[in-house]
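# Survey of secondary and tertiary structure
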Amino acid sequence: SNLMSLWKAEADRGEEYEYYENQGTDGEPTTNSGRTYKPRILVGSAKSISLSLFGDKKMPAPPTSKPEGKSLLSNTRWLVMDEVDRLLNVKKSRTDKSFKRHEKPAAMLSAAIARLTKGRVQVIAASATVGRPIRRELSRVLGLHSSECPETLRGEEDTANLKKKVDNDETHIGRAVKIPDGVKNYVLPVDGSTTGSLLTSAAFAAKTILSPPQRGMPSRKVLLVLTRGSDIKVHNALGAMRHFGINPEPQSLLDALEVDGTDRLMEAHRKVSGVEGLGGSKEKKNNKLDGDDGYLLITHEDNVRGLHLDGLDAVIVVGRPGGPDEYTHIAGRTGRAGREGSVLNIVSYEQAAALA
């Protein structure tokens, strides 16, 4: 669709703000001096936005014309990228030769915005795992010198303390997020020579964890994550769990989110912007994922980033995760907001020795 048409079609809402470019480098007032604006929020994947702006080989022309696209990008003031380490091609080291040749859509979009705004755009790149490689890649995409790598601001439990650090321009370099202290990590080594042995162990573990600790207490909420290394499909895991009579009945995470209408990103965008459309509101009462009833949801390792499930008690990981960063994202689904949680890793004997 034409992004500029959508942009113009939305009525201005909210408070008015003054442009921050009130003075140029020479101290003289800019063209925006004294003017106000009402911010608008555009939410979308990098691929869909890039497709609208730049088109592809199958289109005779991009949906958004070149002058309109240039106007839209040059007026961008904030660029927020969540899970930025997935959006950009990140070298593991300076000598890494496996670097992909073609730029990802997010890199193309970020570079265009930085160039057209002449560096005035405020970029916020978020991830639970931030290191030097991603900072170097982000500085390259934004056209910065290698010595101007973006700083890392680590979150604080004390919001007031974090605001004070931001106001004082203080930054914390290092790992952005760690596994919560309230999370207990366990390793269950099994005969992992076959898929059946892994799924059998996962089924008995899930049945044990789902059982309420005391009579009258609500059932627990469990997320079962299949790693890439396990080479197990979600539908196969669902079949195994149902075969062993797991109660409550296991569900695919993506199916459960779609059925319960819990696309919270879109719902939050509608509430903030007041925009209708985008498939219409799917607000429903008695959302199963927000209640006290227990559940067993099954998903793949690639789908857990940024996921928040209220009151998740435990995560069962089948197979060895791709690396420490991936494990941080998986384990961080439980034990959130000061709660306690457990992570059980079901791996082969060889993988258990490597994890230790």
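Conventions we followed
Residues numbered from 1 in each chain as written. Predicted model: local features only at pLDDT ≥ 70, side-chain atom pairs only at ≥ 80, totals over all residues. Heavy atoms only, no water. Helix = DSSP H or I, 4+ residues; strand = E, 2+ residues; numbered from the N terminus. Buried < 20%, exposed > 50% of the residue type's maximum accessible area, 1.4 Å probe, protein only. Areas by Shrake-Rupley, 256 points an atom, 1.4 Å probe, with all protein chains shown as cover. Core = buried A, V, L, I, M, F, W, Y, C linked by side-chain atoms within 4.5 Å. Contact = heavy atoms within 4.5 Å. pLDDT = per-residue confidence, 0-100. Salt bridge = Lys/Arg side-chain N within 4 Å of Asp/Glu carboxyl O. Axes fitted to C-alpha atoms, helices over the stretch in contact; angles between N-to-C directions. Parallel < 35°, antiparallel > 145°, perpendicular 65-115°, else oblique. Left-handed = near helix turned anticlockwise from the far one by under 90°. Nonpolar A, V, L, I, M, F, W, Y, C, P; charged D, E, K, R; others polar. Pairing = 2+ DSSP bridges.

### Remarks on the overall build of the protein chain
- Looking only at helices and strands, the protein chain features 13 helices and 10 strands.
- Scored against the burial criterion, the 356 residues of the protein chain give a buried share of 37%.
- On the protein chain, roughly 21500 Å² of surface is accessible, and the fraction owed to carbon and sulfur atoms is 51%.

### Here we look at the nonpolar core
- In terms of nonpolar packing, the biggest core is built from 25 residues, with Leu-224, Met-241, Leu-296, Ile-316, Val-318 and Ile-346 touching the most fellow members.
- Counting residues per element, the ones that place at least two in this core are helix H8 (195–210), strand S6 (221–226), helix H9 (234–243), strand S8 (295–300), strand S9 (314–318) and strand S10 (341–348).
- No other element matches the 8 residues that H8 contributes to this core.
- Those residues in contact with Leu-296 that lie beyond four places of it in its chain are Ala-206, Leu-210, Val-222, Leu-224, Met-241, Ile-246, Pro-248, Glu-249, Pro-250 and Gln-251.
- Core analysis: the next-biggest nonpolar cluster, separate from the first, contains 22 residues, Ile-49, Leu-88, Ile-134 and Val-141 among them.

### Comments concerning the confidence of the model for the protein chain
- With 68% of its residues at a pLDDT of 70 or more, the protein chain shows a mean pLDDT of 76.
- Averaged pLDDT values for the elements of the protein chain fall to 49 in helix H11 (residues 264–273) and rise to 95 in S9.
- In this model residues 272–286 is a low-confidence stretch, pLDDT under 50, and it forms 20 contacts with partners more than four residues away in sequence or in other chains.

### Quick notes on the pattern of salt bridges
- Inspection of every chain in the model, using the stated rule, returns 11 salt bridges.
- Residue Asp-302 is joined to Arg-86 by a salt bridge in which the shortest nitrogen-to-oxygen separation is 3.8 Å. With Asp-302 in the loop between S8 and S9 and Arg-86 in helix H4 (residues 84–87), the pair connects residues that are 216 residues apart, well separated along the chain.
- Of the charged contacts in the structure, one is a salt bridge between Arg-228 and Glu-301, with a shortest N-O distance of 3.8 Å. Placement of the pair is Arg-228 in the loop between S6 and H9 and Glu-301 in the loop between S8 and S9, with a sequence separation of 73 residues.
- Judged by relative accessible area, Arg-228 falls into the partly exposed class, the value being 42%.
- In the salt-bridge network here, residues are joined through shared partners; they are Glu-83, Asp-85, Arg-86, Arg-228, Glu-301, Asp-302, Arg-305 and Glu-326.

### Some remarks on the environment of Glu-83
- Residue placement: Glu-83 occurs in the loop between strand S3 (78–82) and H4.
- Of the residues examined, Glu-83 reaches a relative accessible area of 14% and is grouped as buried.
- Along the primary structure Glu-83 and Ala-126 are separated by 43 residues, whereas in three dimensions their C-alpha atoms are 5.7 Å apart.
- Those residues in contact with Glu-83 that sit more than four places away from it in its chain are Ala-126, Ser-127, Arg-305, Gly-306 and His-329.

### Details of the environment of Ser-348
- The residue Ser-348 is located in strand S10 in this model.
- Look at Ser-348 and you get buried, because its relative accessible area is 10%.
- C-alpha of Ser-348 to C-alpha of Ser-197: the two residues are 151 residues apart in sequence and 9.5 Å apart in space.

### Observations regarding the packing of helix H2 (residues 46–54) against helix H5 (residues 105–116)
- Interaxial distance between H2 and H5 falls to 8 Å at its minimum, and their mutual angle equals 60 degrees. Put simply, H2 runs oblique to H5. The interaxial crossing formed by H2 with H5 has left-handed handedness. Counted together, Ala-46, Lys-47, Ile-49, Ser-50, Leu-53 and Phe-54 of H2 and Pro-105, Ala-106, Met-108 and Leu-109 of H5 form the full contact between these two elements.
- Here the contact of H2 with H5 is composed, by residue class, of 8 nonpolar, 1 polar and 1 charged.

### Notes on the sheet that holds strand S7 (residues 251–252)
- The 6 strands lie next to each other as S5-S10-S9-S6-S8-S7, forming an open sheet whose pairing is parallel. Edge positions in the open sheet fall to strand S5 (183–190) and S7, since each of these has one partner strand only.
- Against the sheet, H8 makes contact with S5, S6, S8, S9 and S10, and its axis sits at roughly 175 degrees relative to S9, the strand it touches most.

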